[in-house]
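Coordinate inspection notes
The primary structure of each chain is shown beneath.
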Amino acid sequence: MELFGGLPLPLSLAVLALIDGLSVGTLLIPVFLLLNPGRVRAGRILLYLATIAGFYLVVGLLFLWGLVNLVDVAADFLASPAGLITRLVVGAALLITAFVMPTGSKAEAPAVATAGAVAAPATAPGSVSAAPPAGDATTPSPGRITRWRERLLDPRTRGTAVMAVAIAAGLVEVATMLPYIVAMTMLADAGVSTPLRVLSLVGYCALMVLPAVVLLVLRLVAAPLVQRPLERFAAWMERTGAENTAWIIGIIGFLIARSAATELGIFDALSRLGG
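Computed from a prediction, not measured in an experiment: that's the story for all the values here.

Considerations on the overall build of the protein chain
Helix and strand counts for the protein chain stand at 13 helices and zero strands. Listed by position from the N terminus, the elements making up the protein chain come as α-α-α-α-α-α-α-α-α-α-α-α-α. Within the protein chain, the proportion of its 275 residues that are buried is 35%. Accessible surface, the protein chain as shown: approximately 15600 Å² in total, 72% of it carbon and sulfur.

This is the structure:
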């Protein structure tokens, strides 16, 4: 299954790995840990990244070494006419889902309008409004999360706690491992040997956490320069998390649908009709 036209398989896997590296578990949580005041606990952050990368690797190996070798069976099916039609339908469905799924920007305006409509009749002329101060209802208190981060990075906390957080983040993201599943399907479709598949998965998981490792290095060697950009980046990811997910789903859906349409000859048929 070729999603990126004639792009070589290693480069295609690299693109998918970098897309996977933009998730909450592989980037947002590490950035949140990097923003902890004081000395950077590099060992704790590296342990977290190694654990979540290992979790992805184990999931990939279990998928590849299924009892009936599911990847090879799926690759044969996806290359058949029925499989091509299935890919086209799935890609179109993912693309439509990306457009209709709720994101923060879509839900913000109705929420603000509803809040205004509810608050308006509560204030009479000459009376004191009973509404809470601005920010109390919409801005969550960071105290609990900050204390959780401090405990997690505390040297007295066992490393197993850091590993547990990484595994929990991976489990939450299992249902959204779309780029990873596509990458494993591409590996099966390429017909490479099992050792090469394993090495490819190892490289994929390493590249997936590379952006967070780069940010860690920058935080260690140039803390004053990267502190504010990291804060703005973390805030941006928190605000646009749902929107970013929609973009990823839409892009993957478009690539799957385009690949299936090309192999089915739909574009060639359309060009002949147009000509």
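Some thoughts on the packing of helix α9 (residues 178-190) against helix α10 (residues 194-208)
Packed helices, taken two at a time, are described by their axes: the angle between them and the distance between them. Look at α9 against α10: their axes get within 11 Å of each other, and the N-to-C directions meet at 155°. One way to sum up the angle between α9 and α10 is to call them roughly antiparallel. Between α9 and α10 the crossing geometry is right-handed. Across the interface between the two elements, Pro-179, Tyr-180, Ala-183, Met-184, Leu-187 and Ala-188 from α9 touch Arg-197, Ser-200, Leu-201, Tyr-204 and Cys-205 from α10. Residues belonging to the contact of α9 with α10 are distributed by class as follows: nine nonpolar, one polar and one charged.

Side note on the nonpolar core
Core analysis: the biggest nonpolar cluster contains 45 residues, and Ile-45, Tyr-48, Ile-52, Tyr-56, Tyr-180, Leu-201 and Tyr-204 have the highest contact counts within it. Apart from residues no more than four positions distant in its own chain, Tyr-180 is found in contact with Asp-20, Tyr-56, Leu-57, Gly-60, Leu-201, Tyr-204 and Cys-205.

Some words on the UniProt feature "transmembrane region" (unreviewed entry) in the protein chain
Using the residue numbers shown here, the UniProt feature "transmembrane region" (unreviewed entry) corresponds to residues 12-33, 45-65, 77-100, 161-181, 201-226 and 246-267. The span residues 12-33 is 86% helix and 0% strand, and its two end C-alpha atoms sit 30 Å from each other. Between the C-alpha atoms that bound residues 45-65 the distance is 30 Å, and the span itself is 95% helix and 0% strand.

Here's the deal with a nonpolar patch on the surface
Judged by side-chain polarity, Ile-85, Val-89, Leu-264, Ile-266, Phe-267, Leu-270 and Leu-273 come together as a nonpolar surface patch covering roughly 660 Å² of accessible area. With four residues, helix α13 (residues 266-274) is the single largest residue contributor to the nonpolar patch. Here Leu-270 is to be found in helix α13.

Some words on helix α8 (residues 159-173)
Spanning 15 residues, α8 covers 22 Å between terminal C-alpha atoms, matching the ideal 21 Å at 1.5 Å per step. Within the span of α8, buried status applies to Val-162, Val-165, Ala-166, Ala-169, Gly-170 and Glu-173. Buried positions in α8, seen along its axis, are confined to an arc of 135° and lie on one side of it. Set apart from the buried face of α8 by more than 90 degrees, the exposed residues are Thr-160, Leu-171 and Val-172.

Focus on the packing of aromatic side chains
Per the counting criterion, the structure on display carries two aromatic pairs. Judged by centre distance (5.4 Å) and plane angle (55°), the rings of Tyr-56 and Tyr-180 are tilted. A residue pair is termed long-range when its members are at least 10 positions apart, and Tyr-56 in helix α3 (residues 42-64) and Tyr-180 in helix α9 qualify at 124 residues. A single burial state applies to Tyr-56 and to Tyr-180, both of which are buried. Through pairs of rings, three or more aromatic residues link up here, namely Tyr-56, Tyr-180 and Tyr-204.

Digging into the environment of Val-40
Mapped onto the elements of the fold, Val-40 is located in the loop between α2 (24-34) and α3. Residue Val-40 is classed as buried on the basis of its relative accessible area of 12%. Discounting chain neighbours no more than four positions away, the residues touching Val-40 are Leu-34, Ile-45, Leu-216, Arg-219 and Leu-220.

Parameters and conventions
- Residues numbered from 1 in each chain as written.
- Predicted model: local features only at pLDDT ≥ 70, side-chain atom pairs only at ≥ 80, totals over all residues.
- Heavy atoms only, no water.
- Helix = DSSP H or I, 4+ residues; strand = E, 2+ residues; numbered from the N terminus.
- Buried < 20%, exposed > 50% of the residue type's maximum accessible area, 1.4 Å probe, protein only.
- Areas by Shrake-Rupley, 256 points an atom, 1.4 Å probe, with all protein chains shown as cover.
- Axes fitted to C-alpha atoms, helices over the stretch in contact; angles between N-to-C directions.
- Parallel < 35°, antiparallel > 145°, perpendicular 65-115°, else oblique.
- Left-handed = near helix turned anticlockwise from the far one by under 90°.
- Contact = heavy atoms within 4.5 Å.
- Nonpolar A, V, L, I, M, F, W, Y, C, P; charged D, E, K, R; others polar.
- Core = buried A, V, L, I, M, F, W, Y, C linked by side-chain atoms within 4.5 Å.
- UniProt positions renumbered as here; feature names shortened; annotations may be inferred.
- Patch = residues over 30% accessible without salt bridge, like charges linked within 9 Å, V, L, I, M, F, W, Y side chains within 5 Å.
- Salt bridge = Lys/Arg side-chain N within 4 Å of Asp/Glu carboxyl O.
- Expected span 1.5 Å × (residues − 1).
- Arc of directions from axis to C-beta.
- Phe/Tyr/Trp six-rings, centres within 6.5 Å; stacked < 30°, edge-to-face > 60°.

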